[in-house]
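Working through the structure, step by step
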Amino acid sequence: MKTLMKVARNAAKRAHAPYSNFRVGAAVLGSSSNIYEGANIENASYGIGTCAERVAIAAATMAGEKIEAIAVACVDAQGAPLSEKMPCGACRQWIQELAPHAEIMIDGENKLFKIGDLLPLPFRLAKPKRKRRR
Ligand code: THU
């Protein structure tokens, strides 16, 4: 878990965050033991920027991983209250669908979180399409 957080902190250095100057890094551990990185990627059209967590989750999902853990590092908010470092609502919705069993770790906090605590009563479709066979 320490390694995973180090990867997340390092990924944050490669964020594209010229508008907020708020760099976020994420690292996702897959069941293969591979680690997938993400950082927030902003855009001049503000609303289409994306979060670090979703970049990393997308990469792990494309690799066919079962996601075991997610580390999030808000490197420009070190020492800030927890509320300034937690995954946003959109990322929570992604986590509940693509990483429902993941341990969620926030840089600078000792506690591990589960998505059920962060997003109770999530939206789900009654019959999601079956996953394609690889
Ligand atoms: N951000 C993330 O990367 N993850 C989150 O869960 C919260 C917010 C990014 C989006 C934006 O680039 C910057 O942080 C400020 O909101």
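It should be noted that the structure appears before, not after, this text.
A short tour of the structure in this document, coming up. All values derive from a computational prediction rather than experimental measurement.

Considering the packing of helix α2 (residues 52-62) against helix α3 (residues 89-98)
- Where α2 contacts α3, the axes come no closer than 10 Å and their chain directions differ by 20°. By the angle between their directions, the pair α2 and α3 is classed as roughly parallel. Every pair of crossing elements has a handedness; the one defined by α2 and α3 is left-handed. Residues E53, R54, I57, A58 and T61 of α2 form the contact with α3, whose own contacting residues are A90, C91, W94, I95 and L98.
- Of the residues assigned to the contact of α2 with α3, the class counts are 7 nonpolar, 1 polar and 2 charged.

Comments concerning α3
- Every buried residue of α3 is listed here: C91, R92, I95 and Q96. Seen along its axis, α3 keeps its buried residues to an arc of 140°; they face one direction.

Here we look at the environment of Q78
- Mapped onto the secondary structure, Q78 falls in the loop between β3 (67-74) and α3.
- Assessed through its relative accessible area of 57%, Q78 is described here as exposed.
- In this structure the C-alpha to C-alpha distance between Q78 and P100, which are 22 residues apart in sequence, comes to 27 Å.

A few points about the pattern of salt bridges
- Applying the stated criterion across every chain yields a total of 6 salt bridges.
- A salt bridge links R14 to E37; the nearest nitrogen and oxygen atoms lie 2.6 Å apart. In this pair, R14 sits in the loop between α1 (2-12) and β1 (24-30) while E37 sits in strand β2 (residues 35-39), placing the two residues 23 residues apart along the sequence.
- We classify R14 as partly exposed; its relative accessible area is 48%.
- With relative accessibility at 35%, the residue E37 sits in the partly exposed group.
- Across the pair K85 and E109 runs a salt bridge whose closest N-O atoms are separated by 3.0 Å. Of this pair, K85 sits in the loop between β3 and α3 while E109 is found in the loop between β4 (103-106) and β5 (112-113), placing the two residues 24 residues apart along the sequence.
- Taking the relative accessible area as the measure of exposure, E109 reaches 26% and is therefore partly exposed.

Some thoughts on the site of the ligand
- Near the ligand the following residues occur: S20, F22, V24, N40, E42, C51, A52, E53, M86, P87 and C88.
- Between E42 and the ligand, the recorded distance is 2.5 Å, taken from a side-chain N or O atom to an oxygen atom.
- Between the ligand and E53 there is a distance of 2.7 Å, counted from an oxygen atom to a side-chain nitrogen or oxygen.
- Burial of the ligand by the surrounding chains reaches 75%, relative to a free accessible area of 370 Å².
- Across the shell around the ligand, the residue classes break down as 7 nonpolar, 2 polar and 2 charged.

Some words on the pairing of β4
- The pairing of β3 with β4 spans 4 bridges and is classified as parallel. Each bridged residue has a counterpart across the sheet, and for V72 the counterpart in β4 is I106.
- Regarding the hand of the β-α-β motif, the stretch spanning β3, α3 and β4 is right-handed.
- Adjacent in sequence and paired antiparallel, β4 and β5 are bridged by 5 residues, among which G108 carries a positive phi angle near 85°.

What counts, and at which threshold
- Residues numbered from 1 in each chain as written.
- Predicted model: local features only at pLDDT ≥ 70, side-chain atom pairs only at ≥ 80, totals over all residues.
- Heavy atoms only, no water.
- Axes fitted to C-alpha atoms, helices over the stretch in contact; angles between N-to-C directions.
- Helix = DSSP H or I, 4+ residues; strand = E, 2+ residues; numbered from the N terminus.
- Parallel < 35°, antiparallel > 145°, perpendicular 65-115°, else oblique.
- Left-handed = near helix turned anticlockwise from the far one by under 90°.
- Contact = heavy atoms within 4.5 Å.
- Nonpolar A, V, L, I, M, F, W, Y, C, P; charged D, E, K, R; others polar.
- Buried < 20%, exposed > 50% of the residue type's maximum accessible area, 1.4 Å probe, protein only.
- Arc of directions from axis to C-beta.
- Salt bridge = Lys/Arg side-chain N within 4 Å of Asp/Glu carboxyl O.
- Near = heavy atom within 4 Å.
- Polar contact = N/O pair within 3.5 Å; in protein donor to acceptor, adjacent residues only side chain to side chain.
- Areas by Shrake-Rupley, 256 points an atom, 1.4 Å probe, with all protein chains shown as cover.
- Pairing = 2+ DSSP bridges.
- Right-handed = clockwise from strand over helix to strand, strands pointing away.

Fair warning: the whole summary comes from geometry, so function is off the table for now.
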